[in-house]
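Inside the fold
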Amino acid sequence: MAIWRLNAATPAGDCVDELVDATSLEEATRLAEARGLIPIDVAPYRNRRAVRKEISKRSLELLIADLAALLGSHVPLPQALQTISDSNTRKDIRTAAGKIAAALRDGVALSKSFQDMLQAPPHVTAAILAGERGSDLGRALDDLARVLERQRVAADAFTGAMIYPAILMVVTLISLLVILIGVVPGIEPLITGAGASAPQSARILVAASQALQDHGAAAGVVLATGLAVGLRASRVPAIKAVIQITLLCVPLVGGLLRATETANVLRTTANLISNGIGLPEALSLAAGAARTGPFMRALADISGRVREGADFIELFQSNAVFDRSADGLIAIGFQSGNLPKMLNASAASLEREVEKSTKRIVAILPAVMTLVLGGVIGGLSIIVLGAIMSVNDVAL
């Protein structure tokens, strides 16, 4: 997502100048309007002093966790930042903490420093702002660090689960190339010399080998170019939105993505509400934590309609983008006045289901890929041996 500088006004006439994460100008404008703001100017944000490229997501998470631990030990905020700046082992964290400490001495609020200097996502700055407004900034930072950690662990688990199947797929492709380029040309004279008496499968294999040798380089260039163009096109907001919607409709994969993203936004919303942010604004800010456009738009729409007096539970349950298994607990929490606790409980339930499903995939997919690899290699071997035997009139 891109970062936009938003200049807007509240219904009361106050000015708002902040940064917004959005995929497009229209998306940034809709997010602002969903929060009840009146956009005046929305433009791409470029800050030469920003250190976002110098601090990774992991370092941002660690910085917040370190601050939470120090504040929880009753260390004053300026001293906590200076301690991190002096002693942290990560250079990007030391640099960021030092700049934030300097800004704090100049009277800049912590949330504003995270927003302007680190370009932190809106839900991060909102959680910090809520802690500043409340009486326990340390607890707000600790809750935020836990949310960020859960998001990272879920993403890492899914990525790690795909490594072994990806390796098997690469091995399969390499094996195919070795057979088609290294083995088949050696027996090609036997097969072509046999003419029509050679098995049809062997003739097809020889044709494929010849095509790969004659046009393999050009095909590789075309494939690489197409892949590069496709990756670049996937960053275009309209195309990206289509891809995300399509993935949500794919069996199994769509269910995992839907459950993961629902848990993500529920955790974020619960954290914001627990730290004093109202439900409409929390939903709007949680849209900034969403990793997919459909969830971002759904939360922004629900936030705007809740501001207008619509029923949150009815809106949530009628929106098809969310995982439906969360409906019951959320409704109970909303009716009982304990919404943050039930949001966290729903998120935990979804996370457990995602973990179980991921483990099943990890257990089944390598076996399936191994069978596919064996089937491909075995099938090609049978074709090659069958061709040799038929040419030499050996009974199979």
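This write-up is about the structure you can find in this document.

1. Remarks on the side chain of Arg 267
Here Arg 267 is to be found in helix H11 (residues 253–274). Assessed through its relative accessible area of 9%, Arg 267 is described here as buried.

2. Quick look at helix H12 (residues 279–286)
Across the eight residues that make up H12, a large majority, six, are buried. Along H12, the residues classified as buried are Leu 279, Ala 282, Leu 283, Ser 284, Leu 285 and Ala 286.

3. Points about a nonpolar patch on the surface
Taken together, Val 236, Ile 239, Ile 243, Leu 247, Val 250, Leu 252, Val 253 and Leu 257 make up a surface patch of nonpolar side chains, about 580 Å² in accessible area. Looking at the nonpolar patch, the elements with two or more residues in it are helix H10 (237–249) and H11. Of all the elements, H10 adds the most residues to the nonpolar patch, at three residues. Tracing the chain through its elements places Ile 239 in helix H10.

4. Observations regarding the environment of Glu 149
When you line up the elements, Glu 149 lands in helix H7 (residues 137–161). Under the relative-accessibility criterion, Glu 149 is labelled partly exposed at 39%. With 87 residues separating them in the primary sequence, Glu 149 and Leu 62 have C-alpha atoms 9.1 Å apart.

5. Details of the side chain of Thr 262
Take Thr 262: it is sitting in helix H11. A distance of 2.7 Å separates a polar atom in the side chain of Thr 262 from the backbone oxygen of Arg 258. Those residues in contact with Thr 262 that sit more than four places away from it in its chain are Phe 295, Phe 322, Asp 323 and Leu 350.

6. Focus: the packing of H12 against helix H13 (residues 293–307)
Relative to each other, H12 and H13 sit at 165 degrees, their axes nearing to 8 Å. As judged from the angle between their axes, H12 and H13 are roughly antiparallel. Every pair of crossing elements has a handedness; the one defined by H12 and H13 is left-handed. Contact residues: Pro 280, Glu 281, Leu 283, Ser 284 and Ala 286 in H12; Leu 299, Ile 302, Ser 303, Val 306 and Arg 307 in H13. Looking at side-chain class alone, the contact of H12 with H13 contains six nonpolar, two polar and two charged residues.

Definitions and cut-offs
- In this convention, every chain numbers its residues from 1, walking through the sequence in written order.
- Whole-chain, interface and lining totals are the exception, using all residues; otherwise, since this is a predicted model, local features are given only for residues with pLDDT of at least 70 and side-chain atom pairs are given and counted only at 80 or more.
- Hydrogens and water molecules were not included; the side-chain quantities draw on all heavy atoms of the structure.
- Helix and strand assignments follow DSSP, with helices taken as H or I runs no shorter than four residues and strands as E runs no shorter than two, numbered in order from the N terminus.
- Partly exposed describes any residue whose relative accessible area lies between the buried limit of under 20% and the exposed limit of over 50%, with all areas from a 1.4 Å probe on protein chains only and scaled to the type maximum.
- Only residues whose relative accessible area exceeds 30% and that form no salt bridge are eligible for patches; like-charged ones are grouped when within 9 Å, while nonpolar side chains (Val, Leu, Ile, Met, Phe, Trp, Tyr) are grouped when within 5 Å.
- Here, Shrake-Rupley sampling with a 1.4 Å probe gives the accessible areas, and only protein chains in the shown set may cover a residue.
- Each reported salt bridge corresponds to a side-chain nitrogen of Lys or Arg within 4 Å of a carboxyl oxygen of Asp or Glu.
- N or O atoms closer than or at 3.5 Å make up a polar contact, with two conditions inside protein: a donor-capable atom paired with an acceptor-capable one, and, for residues adjacent in sequence, both atoms drawn from side chains.
- Residues count as neighbours in contact if any of their non-hydrogen atoms are within 4.5 Å of one another.
- With axes taken as lines fitted to C-alpha atoms, and helix axes fitted only over the stretch in contact, angles between N-to-C directions fall between 0 and 180 degrees.
- For this classification, under 35 degrees means roughly parallel, over 145 means roughly antiparallel, 65 to 115 means roughly perpendicular, and everything else is oblique.
- Two helices that cross are described as forming a left-handed crossing if the nearer one is turned anticlockwise from the farther one by less than a right angle, and a right-handed crossing if clockwise.
- For this scheme, ten residues count as nonpolar: Ala, Val, Leu, Ile, Met, Phe, Trp, Tyr, Cys and Pro. Four count as charged, namely Asp, Glu, Lys and Arg, and the remainder, Gly too, count as polar.

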